[in-house]
Amino acid sequence: MAIATGVAEKYVDLSHGKTRYLEAGTGYPTILLHGVGYTAGGDSWFLNIGPLSEKVRVLAVDFLGWGLGDRLDLEYSFAYLVDFVREFQDALGLDKSNIVGHSMGGWIASVLAYESPNRVNKLVLVASGGTASRTIPSMTEFKPPSRDDIRRQMGARVKAPAVDLDALADEQYQRTQQVPGALEAYQKILRHMNNPLTRQRYNTVRRLPHVTAPTLVVWGRQDSTNALELGENTHRLIPGSKLVIIEDCDHFIPTEKPEQFNRALLEFL
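Residues numbered from 1 in each chain as written. Predicted model: local features only at pLDDT ≥ 70, side-chain atom pairs only at ≥ 80, totals over all residues. Heavy atoms only, no water.

Student: Explanation requested: the overall build of the protein in the structure shown.
Tutor: In terms of helices and strands, the protein carries 11 helices and 8 strands. Expected size for 269 residues packed as a compact globule is a radius of gyration near 18 Å; at 17 Å, the protein falls within 12% of this value. In terms of overall dimensions, the protein has a C-alpha envelope of 45 × 40 × 40 Å along the principal axes. Expressed as a percentage of the 269 residues in the protein, the buried residues total 57%. Here the analysis covers contacts within the protein between residues at least 6 apart in sequence; of these, 74% occur between residues at least 24 apart. When the accessible surface of the protein is split by element, carbon and sulfur atoms take 49% of a total near 11400 Å². (Helix = DSSP H or I, 4+ residues; strand = E, 2+ residues; numbered from the N terminus. Rg over C-alpha atoms; globule rule 2.2 N^0.38 Å. Buried < 20%, exposed > 50% of the residue type's maximum accessible area, 1.4 Å probe, protein only. Contact = heavy atoms within 4.5 Å. Areas by Shrake-Rupley, 256 points an atom, 1.4 Å probe, with all protein chains shown as cover.)

Student: Sorry, what's going on with the pattern of salt bridges here?
Tutor: A side chain with one charge can pair with a side chain of the opposite charge if their charged atoms come near. With the rule as written, the count across this model stands at 16 salt bridges. Note that aspartate 62 is salt-bridged to arginine 20, the shortest N-O span being 2.8 Å. Linking aspartate 62 in the loop between strand 4 (56-61) and helix 2 (78-91) with arginine 20 in strand 2 (residues 17-24), this pair joins segments that are 42 residues apart in sequence. Linking arginine 175 and glutamate 171 is a salt bridge whose minimum nitrogen-to-oxygen distance equals 3.0 Å. Of the two residues, arginine 175 and glutamate 171 are both situated in helix 6 (residues 165-178); the distance of 4 residues between them amounts to about one turn of the helix. Accessibility classification places arginine 175 together with glutamate 171 in one group, the buried group. (Salt bridge = Lys/Arg side-chain N within 4 Å of Asp/Glu carboxyl O.)

Student: Explain the layout of surface pockets here, please?
Tutor: By rolling a water-sized probe across the atoms, one finds the places where empty space is left. Taken as a whole, the largest pocket spans an internal volume of roughly 940 Å³. In this structure, the largest pocket is lined by 44 residues; those nearest its centre are Val36, Gly37, Ser138, Arg157 and Phe252. For the lining of the largest pocket, the secondary structure elements donating two or more residues are helix 3 (104-115), helix 4 (137-140), helix 5 (147-157), helix 6, helix 7 (182-194) and helix 10 (253-256). Counting residues per element, the lining of the largest pocket draws most heavily on helix 5, which supplies 4 residues. The residue inventory of the lining of the largest pocket, partitioned by class, reads 21 nonpolar, 16 polar and 7 charged. (1 Å grid on protein atoms, 1.4 Å probe; cavity = no way out; pocket = protein on both sides within 12 Å on 5 of 7 lines; lining within 4 Å. Points joined across faces, edges and corners; volume = space filled by probe spheres on them. Nonpolar A, V, L, I, M, F, W, Y, C, P; charged D, E, K, R; others polar.)

Student: I'm lost on the pairing of strand 3 (residues 28-33) in this one. Help?
Tutor: Looking along a regular strand, one sees side chains alternate from face to face of the sheet. Counted residue by residue, strand 3 has 5 buried out of 6 residues, so it is predominantly covered. With 6 bridges connecting them, strand 3 and strand 4 associate as parallel partners. When the bridges of strand 4 are listed, proline 29 appears paired with arginine 57. As judged from the 4 bridges shared by strand 3 and strand 5 (residues 97-102), these two strands associate in the parallel manner. (Pairing = 2+ DSSP bridges.)

Okay, structure coming up:
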């Protein structure tokens, strides 16, 4: 999938090496944090970057351990990923920004907002993890996906009619073969995130009541990964937060219901 018109692919040097991000727009800086999937990255927001960039400056970053950036030859951790966001802000000269996180990205965003409230202007949690300590089968039973596996995943997760799912699957599969050490790095991440003690330590239930940033919680009513009750609990725990429920929608809201998702974000941001 080619980079869309008006979207710039950029790299920035951080302490671990280079990190790739996609940038568009000139408004208030808004960092988009993707989920845990093996093929995830800044491109996961491909149906959202353009519409959002009409009002805000979009920065869709590849998390450390994902995408086309350098890998770290150490064990990964929640703490490292949270600080990665702060370091990314520092490198771009951002004292604070809006933070939008989907699934795992929402978990990282929640911890960031708790630890560093001065770095978060507005917070958007999209089907975010963190309030439940149970593991997820797609993570505990992970096997490197084939091209056909990725195509099936895209068919379930991307609902925009104009998207060429075969081309998208080809590109994502090629990317999994492109970066040296990508699989090994991802397996390290999963070992950390699947550890029950880790998940309990970074559970967000005790942290969310201390989040002070204005917060929007977005959830799909039919979410089969993080059930709606987790979204309702997230909303209850964060003082003054707003909850938007997207009908007929599972876990991958940004690509399942992009128009409704983009509209909800722009109204809030």
